[in-house]
Amino acid sequence: MRTIKHSGVHELEIRRSRFICALARVLTEEEAQAFIAARRRAHRDATHNCTAYVLGEHGEITRNSDDGEPAGTAGLPMLEVLGRRGLTGVAAVVTRYFGGVKLGAGGLVRAYGQAVAETIDAVGVVERRPVVTVTVTVGHDRAGRLQRDLHATPYPPVGARYGPSAEIDVAVPEEELTAFDTWVAAATGGQAAVRRGARALVDVEI
């Protein structure tokens, strides 16, 4: 799944109207609605505050609003840009201050879509990939070398604890768990115990 790298705001002017697009990373509809409400409060004097958001691991939840613009000319094109970019976990608000020149239905569709597209380009996109935290337990005599070896692989350690044995935490992509187990066995001569823990999503730049 893809989402924006971080929240951000971008402004453009089209035929004297100001279009201010704000994007935010959100996980739930409550977070999306809170972000939208905050933007509307911040721009309560605007002509329109049009909105769209996509949620869910597969982008299965979508909502949009034209906020008084002609039906289908604002929220829907905003939503379509998010969909074309393959994004989820994103809320968008495009605030319009009318500049006195009417854009027509086609012009509005292009303007609202352009505002979202330019803002996505400005903030950047990341891919959220599932990883599993794997704890490798070895004797202290092997821990230092194992940590050095891990740093030379795509699996750098993310934490370590030292008690009766050394416990080294590694974030491993879900699809590479079996390969990682094989690597650990070879690297430690079969002298390590491997325990799989929680699943999480991490950001990877693309």
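Since we're looking at a predicted model, the values are computed, not measured.

Quick notes on the rules
Residues numbered from 1 in each chain as written. Predicted model: local features only at pLDDT ≥ 70, side-chain atom pairs only at ≥ 80, totals over all residues. Heavy atoms only, no water. Phe/Tyr/Trp six-rings, centres within 6.5 Å; stacked < 30°, edge-to-face > 60°. Helix = DSSP H or I, 4+ residues; strand = E, 2+ residues; numbered from the N terminus. Buried < 20%, exposed > 50% of the residue type's maximum accessible area, 1.4 Å probe, protein only. Expected span 1.5 Å × (residues − 1). Arc of directions from axis to C-beta. Contact = heavy atoms within 4.5 Å. Pairing = 2+ DSSP bridges. Axes fitted to C-alpha atoms, helices over the stretch in contact; angles between N-to-C directions. Polar contact = N/O pair within 3.5 Å; in protein donor to acceptor, adjacent residues only side chain to side chain.

J.: Looking at this model, I keep getting lost on the packing of aromatic side chains. Mind explaining?
T.: What characterises a pair of aromatic rings is the spacing of the ring centres plus the angle enclosed by the ring planes. On inspection of all chains with the given rule, the structure shows 3 aromatic pairs. An angle of 90 degrees between the planes, with centres 5.2 Å apart, marks the rings of phenylalanine 19 and tyrosine 112 as edge-to-face. Here phenylalanine 19, found in strand 3 (residues 17-25), pairs with tyrosine 112, found in helix 3 (residues 104-123); they are 93 residues apart in sequence, far enough to count as distant. Its relative accessible area of 0% is what places phenylalanine 19 among the buried residues. Seen from their ring centres, tyrosine 155 and phenylalanine 180 are 5.1 Å apart, and the 75 degrees between their planes marks the pair as edge-to-face. Of the two residues, tyrosine 155 sits in the loop between helix 4 (140-151) and strand 8 (157-162) while phenylalanine 180 sits in helix 5 (residues 177-187), which places them 25 residues apart along the sequence. Linked through ring pairs, Tyr155, Phe180 and Trp183 together constitute an aromatic cluster.

J.: Help me understand helix 1 (residues 29-42), please; the structure alone is not making it clear to me.
T.: For helix 1, which comprises 14 residues, the first-to-last C-alpha distance of 20 Å matches the rise-based estimate of 20 Å (1.5 Å per residue) to within 8%. Within helix 1, the full set of buried residues consists of Ala32, Phe35, Ile36 and Arg39. Viewed along the axis of helix 1, the buried residues span an arc of 95 degrees, placing them on a single side of the element. Close packing links the buried residues of helix 1 with strand 2 (8-14), strand 3, strand 4 (48-55) and strand 6 (90-97).

J.: Explanation requested: the sheet that holds strand 6 in the structure shown.
T.: Adjacent strands of a sheet pair through backbone hydrogen bonds, lying either parallel or antiparallel. The antiparallel open sheet is built from 5 strands, whose spatial order is 2-3-6-4-5. Because the sheet does not close on itself, it has two edges, and the strands there are strand 2 and strand 5 (61-65). Averaged over all pairs of adjacent strands, the angle between their axes in this sheet comes to 15 degrees, without regard to strand direction. Examined bridge by bridge, strand 3 and strand 6 share 8 bridges and lie antiparallel to one another. Residue alanine 24 lies in a different strand from strand 6, and its bridge partner there is alanine 91. Contacts from helix 2 (residues 75-84) reach strand 4, strand 5 and strand 6, with the element oriented near 35 degrees to strand 4. Packed on one face of the sheet, helix 3 meets strand 2, strand 3, strand 4 and strand 6 and runs near 140 degrees to strand 2.

J.: What is the right way to read the environment of arginine 142 from this model?
T.: With respect to the helices, strands and loops of the structure, arginine 142 is situated in helix 4. For arginine 142, a relative accessible area of 34% gives the class partly exposed. The sequence separation of arginine 142 and alanine 166 amounts to 24 residues, and the corresponding C-alpha distance is 8.7 Å. If near-sequence neighbours (up to four positions away) are discounted, arginine 142 is found in contact with Thr188 and Gln191. Here threonine 188 takes part through its backbone oxygen, which lies 3.1 Å from a polar atom of the side chain of arginine 142.

Read these as spatial facts, not as claims about activity.
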